[in-house]
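Chain residues, written in single-letter form:
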Amino acid sequence: MGKIFLALGVGFLIGFYGLIKEKGIKINCRLQTLWLLLLIFCMGVSIGRNGEVIENLPTLGGKALLFAILTVVGSVLFVFILSRFLEKEGKE
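Below, the structure is looked at part by part.

Rules used throughout
- Residues numbered from 1 in each chain as written.
- Predicted model: local features only at pLDDT ≥ 70, side-chain atom pairs only at ≥ 80, totals over all residues.
- Heavy atoms only, no water.
- Helix = DSSP H or I, 4+ residues; strand = E, 2+ residues; numbered from the N terminus.
- Rg over C-alpha atoms; globule rule 2.2 N^0.38 Å.
- Buried < 20%, exposed > 50% of the residue type's maximum accessible area, 1.4 Å probe, protein only.
- Areas by Shrake-Rupley, 256 points an atom, 1.4 Å probe, with all protein chains shown as cover.
- Lys, Arg positive; Asp, Glu negative; His and termini not counted.
- Charge placed at Lys NZ, Arg CZ, Asp CG, Glu CD.
- Phe/Tyr/Trp six-rings, centres within 6.5 Å; stacked < 30°, edge-to-face > 60°.
- Expected span 1.5 Å × (residues − 1).

Considerations on the overall build of the protein
- Regarding its fold elements, the protein presents 4 helices and 0 strands.
- N-terminal to C-terminal, the α/β element order of the protein is α-α-α-α.
- Against the compact-globule benchmark of 12 Å for 92 residues, the protein has a radius of gyration of 20 Å, which places it well outside the compact range.
- Taken along the three principal axes of its C-alpha coordinates, the protein extends 55 × 40 × 25 Å.
- Relative to its 92 residues, the protein shows a buried fraction of 0%.
- When the accessible surface of the protein is split by element, carbon and sulfur atoms take 74% of a total near 8,700 Å².
- Charge separation in the protein, taken as the distance between the mean sites of 10 positive and 6 negative side-chain charges, equals 11 Å.

This is the structure we're talking about:
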């Protein structure tokens, strides 16, 4: 886990200090997309090969749907409340 945070921190610092020029940023964007697609593909293969996951898919799907709905509703409520709070501060 420490390696992940270290990589994230180094990437943040490189971006914050502008050490990569515009061309490098475009290349980085394409590489991110490529690696993300590869990661999603590998996850799909792992899930497809796991018989236990396939058997429990109806149950997991319902829980995943409920979790997604609650996450969206919670995010919308948080943004609504936060925008109201910041709106009041801006008027003062």
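Here the narrative resumes, following the displayed structure.
Structural notes on the packing of aromatic side chains
- Across all of its chains, the model carries 2 aromatic pairs by this definition.
- Between Phe 12 and Phe 16, the ring centres sit 5.7 Å apart and the planes meet at 20°, which makes this aromatic pair stacked. With Phe 12 and Phe 16 both in helix 1 (residues 2-16), this residue pair falls 4 residues apart, about one helical turn.
- For Phe 12, a relative accessible area of 54% translates into the label exposed.
- Note on Phe 16: relative accessible area 56%, which makes it exposed.
- Where Phe 16 meets Tyr 17, the ring centres are 5.1 Å apart and the plane angle is 85°; that geometry is what we call edge-to-face. For the pair Phe 16 and Tyr 17, one class covers both residues: exposed.
- Among the aromatic residues, those joined into a cluster by ring pairs are Phe 12, Phe 16 and Tyr 17.

Let's talk about the environment of Leu 60
- Structurally, Leu 60 is set in helix 4 (residues 57-91).
- For Leu 60 and Thr 33, which are 27 residues apart along the polypeptide, the C-alpha to C-alpha distance reads 27 Å.

Focus: helix 1
- Between its terminal C-alpha atoms helix 1 stretches 21 Å, which fits the 21 Å expected from 15 residues at 1.5 Å a residue.
- Sparse coverage of helix 1 is indicated by the burial of 0 of its 15 residues.
- Downstream of helix 1 by a residue or two, Gly 18 has a phi angle that is positive, lying close to 65°.

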